[in-house]
Amino acid sequence: MSVRNLPPVYNKIAQHAVFPKMNHDERARYNFLANLNKHLAHVSQGNKTAFENRVEPKFEQEHGRKMASTEELKEAISKDAHYQVWSSLRRSTMEMRQQAGRSIVLRQAEELRDKVRALNEGKDSLVLDDSVEVPPYLLACDNHIMPGSYHTELIEDDVTPAANYDTGLFVTTAGLLGRYSDGGGKAIVSWVKKTYPDFSPKRILDIGCGMGHNVLPIAKAFPDAEVIAIDTGAPMLRYAHARAMDLGITNVKFMQMDAAKTTFEDESFDWVQSTMFFHETGGKSIYKIMDEVYRVLKPKGLTLHIEQPQYTDDMSLFEKFIRDWDALNNNEPYWSKMHDIEPIELMSSSGFREEDFMQIGAKAENDLDDGSEKADEPEDHGRSPIWNVFGAIKN
Amino acid sequence: MGEKIDYIKLASNKPKGKRPYFHDDPAVERVLNITMAIAGELAVMRERMDSIERLLEKKGSISREEIETFVPETKEQEEQRQTWHAEYIGRILRIVQQEQEELENPDKSMEEIANDINEM
Ligand SMILES: C[S@@+](CC[C@H](N)C(=O)[O-])C[C@H]1O[C@@H](n2cnc3c(N)ncnc32)[C@H](O)[C@@H]1O
């Protein structure tokens, strides 16, 4: 067993027809960044030591009491030298990842667009609608510090936001999501098949599908189902559709639609799925979207939502604070607010019955894992592919 | 190729949302970011050299096209490459590690040690 748990080399990532062309140095740059991300997860452990050994004692000495909130903790730790250098390195790594990804895709923006166009041409399984507005919460800041977010088009029919996303997931998660970055979708399929062996959904809806990487395993596992994947970002949908075509998955229809106001009929889906979606919405929209989920779901239908781990009451102030680091410093602001909503309350406010609520843990299925024993890794808050899944059967 | 857009400038665009600064002096943040970008480019260069060396060793002669498409060919080569990155990062971020070790195991100052030794 190696004392180091090394990330897989970048060239292990799966290629498909619309995957951007990458040269030698571009792959090397991503190898550096994946390693740097791993390294910083180790450096991050020093934050806890710094907090316990000097930040907290100093606060208690100055104030004559314990810290009462994450706000107080933030103010105190912000002055700590270890926290400062770790934070600034982590932010810088994320910025470098965006710069590296964009420099790959923007130099070939037109070629990528043309390849996508050729695969999408004449297909009715891609339905774009330019009257669909980008939700205001997505315009407030660029999520995960991706300049231009999911919707900005730099050229006509641009696909670069999705292409950039596709190249970089592997780097941020150090390859833990698998060759196609679809470890979340695969995990949910396994769980559903195991838990409901007789479930054979005819219509499945995926909301906030992005570049479609997590909906494809679902479509593949239920080849007779009609799968509809919606998103508000046209570049994501164009790319997702072309990617699915090239990967030979033809039972998914990609549609530009706002999940808070879809045009689907009442009770028309057997399964409504979302993956890493709700924490990128907003405080009012989240309820509207859940209302839609309830409305379009058939009685006895299943809904599941893969999300970031919840906060628990026994979590220390420090733990809560550090889990919110990405929310505030890697532009995923709603994540820091979504903790205040209990999933069970969110669902019951839309009409789901509390006794039908379920919550499970899920871990990415990683086809890059060769099964060899690896050195233990410190937990990289917010980056580990271990999630909370909540949902219900509609009754 | 991207004639219509200035991909070099666009690649380095700022994302919407105020950038957090973590050091008391923004100049420290600025220099650190430039340093890390250079660190990254050195890593890229090292990986390229690695490809060249391995190809030279293998063939005695190499072409640019071969370098462009070279990827590690064995599990061992993959591990060697990733180990290089891990080593390199450990080297350049030495001070951060040392400060973390100091946190875990606080040391006395040389003045204090001198005083201690004076009594030994
Ligand atoms: C973090 S991505 C998740 C992508 C994908 N589901 C995955 O598994 O990673 C969030 C996506 O949700 C989309 N989105 C956000 N709000 C939406 C809404 N109200 N309706 C439809 N899509 C939305 C964004 O455009 C973005 O592509």
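Residues numbered from 1 in each chain as written. Chains lettered and ligands numbered in written order. Predicted model: local features only at pLDDT ≥ 70, side-chain atom pairs only at ≥ 80, totals over all residues. Heavy atoms only, no water.

**Q** Would you mind going over the layout of surface pockets in detail, with residue names and values included?
**A** Computed from the structure, the largest pocket encloses a volume of approximately 1000 Å³. N5, L6, K38, L176 and K374 of chain A are, among the 40 residues lining the largest pocket, the residues nearest its centre. Broken down by secondary-structure element, the contributors of at least two residues to the lining of the largest pocket are α1 (24-63) of chain A together with α4 (75-92) of chain B. Each residue belonging to the lining of the largest pocket can be placed in one class, and the counts come to 13 nonpolar, eleven polar and 16 charged. Residue contributions to the lining of the largest pocket reach at least three from each of two domains, namely domain 1 (10-123 + 157-169) and domain 2 (179-393) of chain A. Around the second largest pocket sit 24 residues that line it, and E95, M96 and Q99 of chain A together with S12 and N33 of chain B are the ones nearest its centre. Secondary-structure elements contributing two or more residues to the lining of the second largest pocket are α1 and α3 (81-106) of chain A together with α2 (26-59) of chain B. Among the elements that take part in the lining of the second largest pocket, α3 of chain A stands out by supplying seven residues, more than any other. Here the lining of the second largest pocket is built from residues that sort into ten nonpolar, seven polar and seven charged. (1 Å grid on protein atoms, 1.4 Å probe; cavity = no way out; pocket = protein on both sides within 12 Å on 5 of 7 lines; lining within 4 Å. Points joined across faces, edges and corners; volume = space filled by probe spheres on them. Helix = DSSP H or I, 4+ residues; strand = E, 2+ residues; numbered from the N terminus. Nonpolar A, V, L, I, M, F, W, Y, C, P; charged D, E, K, R; others polar. Domains from an automatic or database assignment.)

**Q** So, the site of the ligand: which residues are in play, and what are the values?
**A** All names here are of chain A. In the vicinity of the ligand lie 20 residues, with Y137, G208, N214, D231 and A259 positioned nearest. One of the side-chain nitrogen or oxygen atoms of Y137 is found 2.7 Å away from a nitrogen atom of the ligand. The backbone of G208 places a nitrogen or oxygen atom 2.7 Å from a nitrogen atom of the ligand. In the complex, the protein chains occlude 98% of the 600 Å² of accessible area that the ligand would expose alone. A molecule is said to occupy a pocket when more than half its atoms come within 2 Å of that pocket's grid points, and by this definition the ligand occupies the largest cavity. Looking at the shell around the ligand residue by residue, the class counts come to eleven nonpolar, six polar and three charged. (Near = heavy atom within 4 Å. Polar contact = N/O pair within 3.5 Å; in protein donor to acceptor, adjacent residues only side chain to side chain. Areas by Shrake-Rupley, 256 points an atom, 1.4 Å probe, with all protein chains shown as cover. Sits in = over half its atoms within 2 Å of the grid points.)

**Q** Hey, could you go over empty space enclosed by the protein for me, with residue numbers and the actual values?
**A** Over the atoms rolls a probe the size of a water molecule, and its path tells where empty space is left. Residue and element names in this part refer to chain A. All chains considered together, the criterion is met by seven cavities of 30 Å³ or more. The space that makes up the largest cavity amounts to roughly 880 Å³. H144, Y150, Y165, M276 and E280 are, among the 50 residues lining the largest cavity, the residues nearest its centre. Where the lining of the largest cavity is concerned, the elements lending two or more residues are α3, α5 (136-140), α6 (160-172), α7 (183-195) and β3 (226-231). Here the lining of the largest cavity takes four residues from α6, the largest share from any one element. Shared between two domains, the lining of the largest cavity holds at least three residues of each, these being domain 1 (10-123 + 157-169) and domain 2 (179-393).

**Q** Could you give an account of the pattern of salt bridges, with specific residues and numbers?
**A** All names here are of chain A. Inspection of every chain in the model, using the stated rule, returns 36 salt bridges over all chains. For D157, the salt bridge is made with R117, and the minimal N-O distance between the two is 3.0 Å. Residue D157 is located in the loop between α5 and α6, and its partner R117 is located in helix α4 (residues 109-120); the two are separated by 40 residues in the primary sequence. Judged by its relative accessible area of 34%, R117 falls in the partly exposed class. (Salt bridge = Lys/Arg side-chain N within 4 Å of Asp/Glu carboxyl O. Buried < 20%, exposed > 50% of the residue type's maximum accessible area, 1.4 Å probe, protein only.)

**Q** Hey, could you go over a negative patch on the surface for me, with residue numbers and the actual values?
**A** Residue and element names in this part refer to chain A. A cluster of acidic residues, D313, D314, E342, E345 and E354, forms a negative patch on the protein surface. Looking at the secondary structure, you find E354 in the loop between α14 (343-349) and β7 (357-363). Note on E354: relative accessible area 48%, which makes it partly exposed. (Patch = residues over 30% accessible without salt bridge, like charges linked within 9 Å, V, L, I, M, F, W, Y side chains within 5 Å. Lys, Arg positive; Asp, Glu negative; His and termini not counted. Charge placed at Lys NZ, Arg CZ, Asp CG, Glu CD.)

**Q** Describe the confidence of the model for chain B, naming the residues involved and giving the relevant values.
**A** For chain B, per-residue confidence averages 88 on the pLDDT scale, and 98% of positions sit at 70 or higher. Prediction confidence for the complex, expressed as pTM and ipTM, is 0.91 and 0.80 respectively. (pLDDT = per-residue confidence, 0-100.)

**Q** Residues and numbers for the domain arrangement of chain A, please.
**A** All names here are of chain A. When cut into domains, chain A gives domain 1 (10-123 + 157-169) and domain 2 (179-393). Distance from the C-alpha centre of domain 1 to the C-alpha centre of domain 2: 21 Å. Each partner contributes to the interface: domain 1 provides 43 residues, whereas domain 2 provides 32 residues. Summed over both partners, the interface of domain 1 with domain 2 comes to about 3400 Å²; 66% of that surface belongs to carbon and sulfur atoms. On the surface where domain 1 and domain 2 come into contact, there are three salt bridges. The tally of links from domain 1 across to domain 2 stands at 13 residue pairs in polar contact (both at pLDDT 80 or more). If you list the elements that add at least two residues to the side of domain 1 that touches domain 2, you get α1, α2 (70-77), α3, α4 and α6. (Contact = heavy atoms within 4.5 Å. Buried area = accessible area lost by both parts, 1.4 Å probe.)

**Q** Any chance you could break down the side chain of K394 of chain A for me, citing the residues and the numbers?
**A** Residues and elements named next belong to chain A. Mapped onto the secondary structure, K394 falls in the segment after β8 (386-393). Taking the relative accessible area as the measure of exposure, K394 reaches 5% and is therefore buried. Looking at K394, its side chain comes within polar contact range of the main-chain oxygen of Y294, at 2.7 Å. A distance of 2.6 Å separates a polar side-chain atom of K394 from the backbone oxygen of L297. If near-sequence neighbours (up to four positions away) are discounted, K394 is found in contact with E267, Y294, R295, L297, K298, P299, K300, G301 and F352.

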